[in-house]
Amino acid sequence: DYFLVDMLLNAGVNTVSTTIVADTYGEANFIDFCHAVYLYYLFEETFPDKVKLIYKSQDIKDAKNEGKLGVILSTQGADIVQQDLRLITMAFKLGLRIMQITYNQNGFMGSGVFEPNDLGITRFGQQAIYEMNRLGMVIDLSHVGYKTSMDAIETSTDPVIFSHSGVKGICKNPRNANDDQIIALAKKGGVLGLCPHSVMCTDDTSKMPDVNTFIDHMVYVSDLVGTDHIG
């Protein structure tokens, strides 16, 4: 990990967002989250001259000025809160700053992108979004179903993000966002984090996509809603 940090810093990377818990195989719970957070606390304590956990936007600037790699803690899915709003507050106090509300399939908050029947945001999902807004936790809609994502954008009073997705107008991968989602996201002030994963860049499987293919996604979003909404 120490060498990876050096590699990122030498490449000019200032801050990364890292998934510490994902909803896979029904194993994610709050104790799993606590164990994962502890490892990142330990990482920062072991390399205090290299690593800085990020709790607020100023920390990103401070990490840059101090020559450290900022690390934002995030999840893919929300099973860790176990349908208990109090655990959202506890997760925030422990350092979680980005939470993805579902991960590919149905969860406590809504439907994932691969669910055949997207039922939209649940009542608990609505309450959770209100709580995340109150705390200042970023809502992530990558891996989230279309209806659930649109419900979440409408429900949230704050900007939301797709942390790692692409443009469905270029590549029809289910993980990509369509024009409706991108426009709604932008109207709320949110950002679409474009992902260079090959299957999300192009429908052409006969060859690997190149940088120009990835840039096509940037141009598409720029033409649709402007550059402020591209990550």
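Below you will find a few notes about this structure. Since the structure is predicted, the reported quantities are computational estimates derived from the model, not experimental observations. All chains use their own residue numbering, which begins from 1 and follows the written sequence. Residue-level local features of this predicted model are given only where pLDDT is at least 70; pairs of side-chain atoms are given and counted only at 80 or more, and the full residue set underlies all totals for whole chains, interfaces and linings. The side-chain figures draw on all heavy atoms in the structure; neither hydrogens nor water molecules are used.

1. Some details on the overall build of the protein chain
Link 1 in the chain: Helix numbers and strand numbers start at the N terminus; a helix is a DSSP run of H or I with at least 4 residues, a strand a run of E with at least 2. Per the secondary structure count, the protein chain includes nine helices and seven strands.
Link 2 in the chain: The C-alpha atoms of the protein chain give 18 Å as radius of gyration, which agrees with the globular expectation for 231 residues (17 Å, within 12%).
Link 3 in the chain: The principal-axis extent of the C-alpha atoms belonging to the protein chain is close to 45 × 40 × 30 Å.
Link 4 in the chain: Only the protein chains shown count as covering a residue, and every accessible area follows the Shrake-Rupley method with a 1.4 Å probe. As presented, the protein chain carries roughly 11,600 Å² of accessible surface, and 55% of it is formed by carbon and sulfur atoms.
Link 5 in the chain: Counted charges follow a simple rule, with Lys and Arg positive, Asp and Glu negative, and His plus the chain ends left uncounted. For the purpose of locating charges, the reference atoms are NZ of Lys, CZ of Arg, CG of Asp and CD of Glu. Distance from the positive charge centre (18 side chains) to the negative charge centre (28 side chains) of the protein chain: 6 Å. Taken over C-alpha atoms, the radius of gyration is set against a globule rule of 2.2 Å times the number of residues to the power 0.38.

2. Some points on the pattern of salt bridges
When the charged atoms of two side chains lie near each other, side chains of opposite charge can form a pair.
Link 1 in the chain: A carboxyl oxygen of Asp or Glu within 4 Å of a side-chain nitrogen of Lys or Arg is what we treat as a salt bridge. Scanning the entire structure with this criterion turns up six salt bridges.
Link 2 in the chain: As a salt-bridge pair, Lys56 and Asp59 come within 3.3 Å of each other at their nearest N and O atoms.
Link 3 in the chain: For Lys56, a relative accessible area of 52% puts it in the exposed group. Accessibility here uses a 1.4 Å probe with only protein chains present; expressed as a share of the type maximum, an area under 20% marks a residue as buried, one over 50% as exposed, and anything in between as partly exposed.

3. Details of the nonpolar core
Link 1 in the chain: Among the buried residues, those of types Ala, Val, Leu, Ile, Met, Phe, Trp, Tyr and Cys that are joined through side-chain atoms within 4.5 Å form a nonpolar core. Counting residues in hydrophobic clusters, the biggest one holds 52 residues, and the most contacted among them are Phe33, Ile80, Ile88, Met99, Met109 and Leu141.
Link 2 in the chain: Counting residues in each nonpolar core, the second largest holds five residues, with Ile54, Ala63, Ile72 and Ile98 among its members.

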